[in-house]
Amino acid sequence: MARTRSELADALATLRSASSRVALVPTMGAMHEGHRALVARAAELADAVVVSIFLNPLQFAPGEDLGKYPKTFASDLELCRAEGVAVVFAPTPDVVYPAGEPLVRVAAGPLGAVLEGASRPGHFDGVLTVVAKLFGLVGPDVAVFGEKDAQQFALVAQMVRDLDMPVAIEAVPIVRTAAGLALSSRNIYLDAPAAAAALALVGAVRAAVSAGSGGAAADQVLSAARAVLAAEAHIEVDYCVLVDRETFDDLPSGARTGLLLVAARVGTTRLIDNGVVELRASVEKSEAWS
Ligand code: PAF
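This section reports on the structure supplied with the text.

Rules used in this analysis
- Residues numbered from 1 in each chain as written.
- Predicted model: local features only at pLDDT ≥ 70, side-chain atom pairs only at ≥ 80, totals over all residues.
- Heavy atoms only, no water.
- Salt bridge = Lys/Arg side-chain N within 4 Å of Asp/Glu carboxyl O.
- Helix = DSSP H or I, 4+ residues; strand = E, 2+ residues; numbered from the N terminus.
- Buried < 20%, exposed > 50% of the residue type's maximum accessible area, 1.4 Å probe, protein only.
- 1 Å grid on protein atoms, 1.4 Å probe; cavity = no way out; pocket = protein on both sides within 12 Å on 5 of 7 lines; lining within 4 Å.
- Points joined across faces, edges and corners; volume = space filled by probe spheres on them.
- Pairing = 2+ DSSP bridges.
- Axes fitted to C-alpha atoms, helices over the stretch in contact; angles between N-to-C directions.
- Contact = heavy atoms within 4.5 Å.
- Near = heavy atom within 4 Å.
- Polar contact = N/O pair within 3.5 Å; in protein donor to acceptor, adjacent residues only side chain to side chain.
- Areas by Shrake-Rupley, 256 points an atom, 1.4 Å probe, with all protein chains shown as cover.
- Nonpolar A, V, L, I, M, F, W, Y, C, P; charged D, E, K, R; others polar.
- Core = buried A, V, L, I, M, F, W, Y, C linked by side-chain atoms within 4.5 Å.

A side chain of one charge can pair with a side chain of the opposite charge if their charged atoms are brought near each other. In total, this model carries 13 salt bridges according to the counting rule given. For Glu44, the salt bridge identified is with Arg41, shortest N-O distance 2.5 Å. Placement of the pair is Glu44 and Arg41 together in helix H2 (residues 33–45), with a separation of 3 residues, close to one helical turn. Residue classification places Arg41 among the partly exposed residues on the basis of a relative accessible area of 27%. Salt bridges sharing common partners tie together Glu33, Arg36 and Glu83.

So, in structure tokens, the structure goes:
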């Protein structure tokens, strides 16, 4: 395990002498089966996997859960060991930010200001800044992220494109509990009634997917998802939208797929979920009718 920059550099030098391709899986710890899927995908894409475990203060707004964010370092290391991770980089904030809060940061731009970015101002600047630093410190050939954080993935991909970063980006599908709840480190905050209420998020995604495949138009798809959320009294919905998969803008008319994004609070725990909605049937129907 590497704690410092020089330990990381030494570990990477050894790795690079034996491995032609290195994959990075950035995490904030509190690893679960979703992270295991990221590591497993990274291992398919490279000869060696580096996992970073760093609870990045820069991406938490004042009043968010930085102080109580779950920490499961021993089991994180065990998961990494079981998955054959070559290097775990687990720095403290002073290693990542030796001069304190960075004065120069990556600005996430317009996509960083909507949806999650509107609810969590500054969040995506903090995410992109630390991801850019991890890319700089590790120099991976490929980096792997989860699709649950769809907006984060889109922004990382945009940063890599816009700033010509020499790294490939790979997304891994959401891993869910048997009941369907998207795995998240924050699920640890949920007691049984809250976990039951949280199923409304996946219920909304599934209602949207099923309405879309049944031929419903985009507005009906959205209504189907929102109806599921409205029926659950124990959640507070932040947003439920159907957007363009690439831009996260409103769906253009005639779109054949969209991304249903939902965010809600269950008690004090904020959760997100999403799913791709095929709209082909409705488009074909309306074309046939025109
Ligand atoms: O998705 C996360 O866990 C974090 O946002 C990331 C990408 C590790 C950056 O801190």
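Looking now at empty space enclosed by the protein. Scanning the entire structure with this criterion turns up 1 cavity of 30 Å³ or more. If you add up the space inside the largest cavity, you get close to 60 Å³. Together, Lys148, Leu181, Ala182, Ser184, Asn187, Ala198, Leu201, Leu271, Ile272 and Asp273 line the largest cavity. When residues of the lining of the largest cavity are traced back to their parent elements, those giving at least two are helix H8 (192–213) and strand E8 (269–278). At 3 residues, the largest contribution of residues to the lining of the largest cavity is made by E8.

Another aspect to go through is the sheet that holds strand E5 (residues 168–172). The strand order across the open sheet built from 5 strands is E3-E2-E1-E4-E5, with neighbouring strands paired in parallel fashion. Whereas interior strands pair on both sides, the edge strands pair on one side only; in this sheet they are strand E3 (87–89) and E5. This sheet shows a mean twist of 25° between the axes of neighbouring strands, independent of strand direction. For strand E2 (residues 48–53) and E3, the ladder comprises 3 bridges, and the chain directions are parallel. Counterpart to Val50 in the pairing with E3 is Val87. Strands strand E1 (22–27), E2, strand E4 (142–146) and E5 of the sheet are contacted by H2, whose axis makes an angle of about 155° with E4.

At Ala30, a position not held by glycine, the phi torsion is positive, near 50°. Looking at where Ala30 falls in the secondary structure, it is placed in the loop between E1 and H2. When its relative accessible area of 7% is taken as the criterion, Ala30 is described as buried.

Take the site of the ligand next. As a structural note, the neighbourhood of the ligand is formed by Pro26, Thr27, Met28, Asn56, Gln59, Val127, Val130 and Gln152. Note that an oxygen atom of the ligand is positioned 2.6 Å from one of the side-chain N or O atoms of Gln59. Here an oxygen atom of the ligand and a side-chain polar atom of Gln152 are 2.7 Å apart. The fraction of the free accessible surface of the ligand (290 Å²) that becomes covered by protein chains is 87%. When contributions to the shell around the ligand are tallied by element, the ones reaching two or more residues are E1 and helix H6 (123–138). Of the residues belonging to the shell around the ligand, the class tally is 4 nonpolar, 4 polar and no charged.

Counting residues in hydrophobic clusters, the biggest one holds 46 residues, and the most contacted among them are Phe135 and Phe248. It is H6 that contributes the most residues to this core, 9 residues altogether. Ignoring anything within four residues of it in the chain, the contact list for Phe248 reads Leu111, Leu115, Ala150, Gln151, Ala154, Val243, Leu259 and Leu261. Core analysis: the next-biggest nonpolar cluster, separate from the first, contains 28 residues, Val205, Leu222, Leu242 and Leu271 among them.

Further remarks concern the environment of Leu103. The topology assignment puts Leu103 in the loop between helix H4 (93–96) and helix H5 (116–119). Judged by relative accessible area, Leu103 falls into the exposed class, the value being 86%. Separated by 81 residues in sequence, Leu103 and Val22 have C-alpha atoms that sit 30 Å apart.

Let us now look at the layout of surface pockets. Of the volumes computed, that of the second largest pocket is approximately 650 Å³. Along the walls of the second largest pocket sit 30 residues, with Ala154, Arg245, Glu246, Phe248 and Leu259 positioned nearest its centre. Looking at the lining of the second largest pocket, the elements that each hand over two or more residues are helix H7 (150–162), helix H9 (218–230), strand E6 (236–243) and E8. Element by element, the count of residues in the lining of the second largest pocket is highest for H7, at 6 residues. Tallied by class, the residues present in the lining of the second largest pocket amount to 18 nonpolar, 4 polar and 8 charged.

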